[in-house]
Amino acid sequence: MNPPILVDGPNYLNRVLEIGIDARHAARQLSLAALRDAVNQELAAIMSKAEHADTVEFICSKRRFGPTKAKFTDDQQNALLDRLRAERGVYVDIIDIPGNSEKGVDQTISSR
C-alpha cells in the first residue's frame, strides 16, 4: 500500500494566504487532488514509478482557518471542507482539540 500525503490543514492554508491568495479563492478553488498529482510527478522523477500516493489526508480542527487578519468565514470554511471531501482520494479529518492551540493537529499528524 502506498503512503498517504498528510496535510496539516491550518498550516497549509496559512501558507496559501501568506502568498497572497484570498480566502474566498482558496475556498472555491483549492484542490488537494491537484497537490497529490504534483507530488506524484515529483516522486516519479526521483523514485520508482510504482511508488505514489493514492490519498491525501487533510487534518484540521474545528477552528476557522487563517491568521487573525485573514480568517476564513464559516461559509468559506464549510465550502472548502465540503469540496475537499468530494474530491476522489481526499479525506478530511476534523479533530476536536481543547484550548486555544493547534498543537493537537501537529500531534495527530506526527502519530500517523
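Because the structure is a prediction, the values reported are computed rather than measured. (Residues numbered from 1 in each chain as written. Predicted model: local features only at pLDDT ≥ 70, side-chain atom pairs only at ≥ 80, totals over all residues. Heavy atoms only, no water.)

Colleague: So what's going on with the pattern of salt bridges? Which residues, and what values?
Modeller: Applying the stated criterion across every chain yields a total of six salt bridges. Residue arginine 36 pairs with aspartate 37 through a salt bridge whose shortest N-O separation is 4.0 Å. You can call arginine 36 buried: its relative accessible area is 3%. Classification of aspartate 37 by relative accessible area gives partly exposed; the value is 43%. (Salt bridge = Lys/Arg side-chain N within 4 Å of Asp/Glu carboxyl O. Buried < 20%, exposed > 50% of the residue type's maximum accessible area, 1.4 Å probe, protein only.)

Colleague: Account for the sheet that holds strand β3 (residues 90-95), naming residues and giving values.
Modeller: Read from one edge of the open sheet, three strands run β1-β2-β3, paired in parallel fashion. For this open sheet the edge positions go to β1 (5-8) and β3, each flanked by a neighbour on one side alone. Each adjacent strand pair in this sheet contributes to an overall mean axis angle of 20°, direction not counted. Pairing between β1 and strand β2 (residues 56-61): four bridges, direction parallel. (Pairing = 2+ DSSP bridges. Helix = DSSP H or I, 4+ residues; strand = E, 2+ residues; numbered from the N terminus. Axes fitted to C-alpha atoms, helices over the stretch in contact; angles between N-to-C directions.)

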